[in-house]
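Results of the structural survey
One-letter residues, chain by chain:
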Amino acid sequence: MKPTLNDDTPIFLQIADMIKDDLVEGLLSEGEQIPSTTELSNFYNINRATAQKGITLLMDEGIVTKRRGIGVFIAEDARDKLVNTRMQDFSNTYIQNMVKEAKRLNINKEELIRRVAQDYDNH
């Protein structure tokens, strides 16, 4: 998780997003326990209710599950679910718009693929 929070996004969303990012990046695994609301509130010097709101959001999305008296854990298949959602969002946000613009500019599919591959290889 990131050592600091920013002022641009609500804190509870940042908490949820950091846990999601750690899961996608392989820093957290399915079945692994996540930090408690107390640990999060102490680490980030935030209200426990704010940390709980972030955890509750993850529970509502099926990313984590609560084991009574034990803690909160990454749900089974959470990574696959999250990656699939992010891939769909990526397509909707970037790829579809890129293809529309390429068509407006009369860039054919092969040229578009070549340009994307070239940029991909350069980064």
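Residues numbered from 1 in each chain as written. Predicted model: local features only at pLDDT ≥ 70, side-chain atom pairs only at ≥ 80, totals over all residues. Heavy atoms only, no water.

**Comments concerning the UniProt feature "domain: HTH gntR-type" (unreviewed entry) in the protein**
How we decide: UniProt positions are given in the numbering used here, feature names are shortened, and annotations may be inferred rather than shown by experiment. Segments assigned H or I by DSSP are reported as helices when at least four residues long, segments assigned E as strands when at least two residues long, and all are numbered from the N terminus.
The residues that UniProt annotates with the feature "domain: HTH gntR-type" (unreviewed entry) are residues 9-77. With 51% helix and 12% strand, residues 9-77 has its two end C-alpha atoms placed 27 Å apart.

**Thoughts on the nonpolar core**
Here is the rule we go by: Nonpolar core, defined: a set of buried Ala, Val, Leu, Ile, Met, Phe, Trp, Tyr and Cys residues in which side-chain atoms within 4.5 Å join the residues together. The buried label applies to any residue whose accessible area, calculated with a 1.4 Å probe on protein chains only, is under 20% of its type's maximum; exposed applies above 50%, and partly exposed to all values in between. Contacts were defined at the residue level, with two residues in contact if any of their heavy atoms lie within 4.5 Å.
Among the nonpolar cores identified, the biggest contains 20 residues, and Ile19, Ile34 and Ile74 are the most heavily contacted of them. Every element with two or more residues in this core is listed here: α1 (11-24), α2 (37-44), α3 (48-60), β2 (71-74) and α4 (78-104). In terms of residues, this core owes the most to one element, α1, which gives 5 residues. Ignoring sequence-local partners within four residues, the contact set of Ile19 consists of Met1, Leu28, Ile34, Ile55, Leu58 and Ile74.

**Observations concerning the packing of α1 against α3**
Rule in force here: In this analysis an axis means a line fitted to C-alpha atoms, helices contributing only their contacting stretch, and an angle means the value between N-to-C directions, from 0 to 180 degrees. Each angle receives one of four descriptions, namely roughly parallel if under 35 degrees, roughly antiparallel if over 145, roughly perpendicular if within 65 to 115, and oblique otherwise. Helix crossings are classified by the rotation of the near helix relative to the far one: an anticlockwise turn of less than a right angle makes the crossing left-handed, while a clockwise turn makes it right-handed.
With their axes 8 Å apart at the nearest point, α1 and α3 run at an angle of 50° to one another. In terms of orientation, α1 lies oblique with respect to α3. Handedness of the α1/α3 crossing: right-handed. Of the residues in α3, those in contact with Ile11, Phe12, Leu13, Ala16, Ile19 and Lys20 of α1 are Thr50, Lys53, Gly54, Ile55, Leu57 and Leu58.

**Some remarks on the layout of surface pockets**
In plain terms, the rule: With a 1 Å grid laid over protein atoms only, a set of points is called a cavity when a 1.4 Å probe fits there but cannot get out and a pocket when it is open yet has protein on both sides within 12 Å along at least five of seven lines; lining residues have an atom within 4 Å of a point. Grid points are joined across faces, edges and corners, and a volume is the space filled by probe spheres set on the points. Polarity classes work like this: nonpolar for Ala, Val, Leu, Ile, Met, Phe, Trp, Tyr, Cys and Pro, charged for Asp, Glu, Lys and Arg, and polar for all others, with Gly in that last group.
In this model, the largest pocket occupies a volume close to 240 Å³. If you trace the largest pocket, you find 13 residues lining it, with Ile95, Met98, Val99, Leu112 and Val116 closest to the centre. Elements that contribute at least two residues to the lining of the largest pocket include exactly α4 and α5 (109-122). Take the lining of the largest pocket: its biggest share by element is 7 residues, from α4. Of the residues contributing to the lining of the largest pocket, the split by class is 10 nonpolar, 1 polar and 2 charged.

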